[in-house]
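Observations on the model geometry
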Amino acid sequence: MCVGLPAKVVTLKNGMAVVDASGAKREVSAELLDELEPGDYVMVHAGIAIAKITEEDQSETDRIMESLQEAL
């Protein structure tokens with residue numbers, strides 16, 4: 001199973017985006033997504049922003065991941 005993580009776009013430059021995923025910042029490829037802007041939320045998998053998501057999607061994913069961690 002593959003897991004994508006939600007992240008907020010901080011900056012964009014030359015097809016790359018710096019994203020913030022729950023406080024961890026990393027650079028990912030943004031080549032697959034059109035019309036991406038700082039402040040947008042994306043789903044990141046294997047270092048690639050694969051889909052734009054809403055802030056509500058991001059919040060829901062965070063809640064689910066926290067629940068899974070508590071279950072372990």
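Residues numbered from 1 in each chain as written. Predicted model: local features only at pLDDT ≥ 70, side-chain atom pairs only at ≥ 80, totals over all residues. Heavy atoms only, no water.

1. Description of the overall build of the protein chain
Applicable threshold: In this description a helix means any DSSP run of H or I spanning at least four residues, a strand means any run of E spanning at least two, and both kinds are numbered starting from the N terminus. Computation of the radius of gyration draws on C-alpha atoms alone. For the globule rule, the value is 2.2 Å times the number of residues to the power 0.38.
Counting secondary structure elements, the protein chain contains one helix and five strands. N-terminal to C-terminal, the α/β element order of the protein chain is β-β-β-β-β-α. The C-alpha radius of gyration computed for the protein chain amounts to 12 Å, which stays within 12% of the reference 11 Å derived for 72 residues, consistent with globular compactness. With respect to the three principal axes, the spread of C-alpha positions in the protein chain is 40 × 25 × 20 Å.

2. Considering the pattern of salt bridges
So the rule is basically this: Should a side-chain nitrogen of Lys or Arg be within 4 Å of a carboxyl oxygen of Asp or Glu, the pair is scored as a salt bridge. Burial classes: relative accessible area under 20% of the type maximum marks a residue as buried, over 50% as exposed, and values in between as partly exposed (1.4 Å probe, protein chains only).
Scanning all chains against the criterion turns up one salt bridge. Here Lys52 makes a salt bridge to Asp40, at a shortest N to O gap of 3.4 Å. A residue pair is termed long-range when its members are at least 10 positions apart, and Lys52 in strand E5 (residues 48–53) and Asp40 in the loop between strand E3 (24–29) and strand E4 (41–45) qualify at 12 residues. A relative accessible area of 45% places Lys52 in the partly exposed class.

3. Some details on the pairing of E3
What counts here: Any two strands between which DSSP finds at least two bridges are classified as paired.
The sheet contact formed by strand E2 (residues 16–21) and E3 spans six bridges and is antiparallel. Across the sheet, the residue bridging to Asp20 is Lys25, located in E3.

4. Considering a nonpolar patch on the surface
To keep it simple, the criterion reads: Each patch is built from salt-bridge-free residues with over 30% relative accessible area, joining like charges within 9 Å and nonpolar side chains (Val, Leu, Ile, Met, Phe, Trp, Tyr) within 5 Å. Note on areas: Shrake-Rupley, 1.4 Å probe, and residue coverage restricted to the protein chains presented here.
Residues Val3, Leu5, Ile64, Met65 and Leu68 make up a contiguous nonpolar surface patch of roughly 420 Å² in combined accessible area. The dominant element in the nonpolar patch, judged by the number of residues it contributes, is helix H1 (residues 55–71), at three residues. With respect to the helices and strands, Leu68 occurs in helix H1.

5. Let's talk about the environment of Leu36
For clarity, the cut-off: Contacts are assigned to residue pairs with any non-hydrogen atoms lying within 4.5 Å of each other.
Structurally, the position occupied by Leu36 is in the loop between E3 and E4. Classification of Leu36 by relative accessible area gives buried; the value is 9%. Between the C-alpha atoms of Leu36 and Pro6, which are 30 residues apart in sequence, the distance is 15 Å. Residues in contact with Leu36, not counting those within four places in the same chain, are Val9, Leu12, Ala30, Val42 and Lys52.

6. Here we look at the environment of Lys13
Of note, Lys13 is situated in strand E1 (residues 5–13). Distance in space between the C-alpha atoms of Lys13 and Glu70 is 37 Å, their sequence separation being 57 residues.

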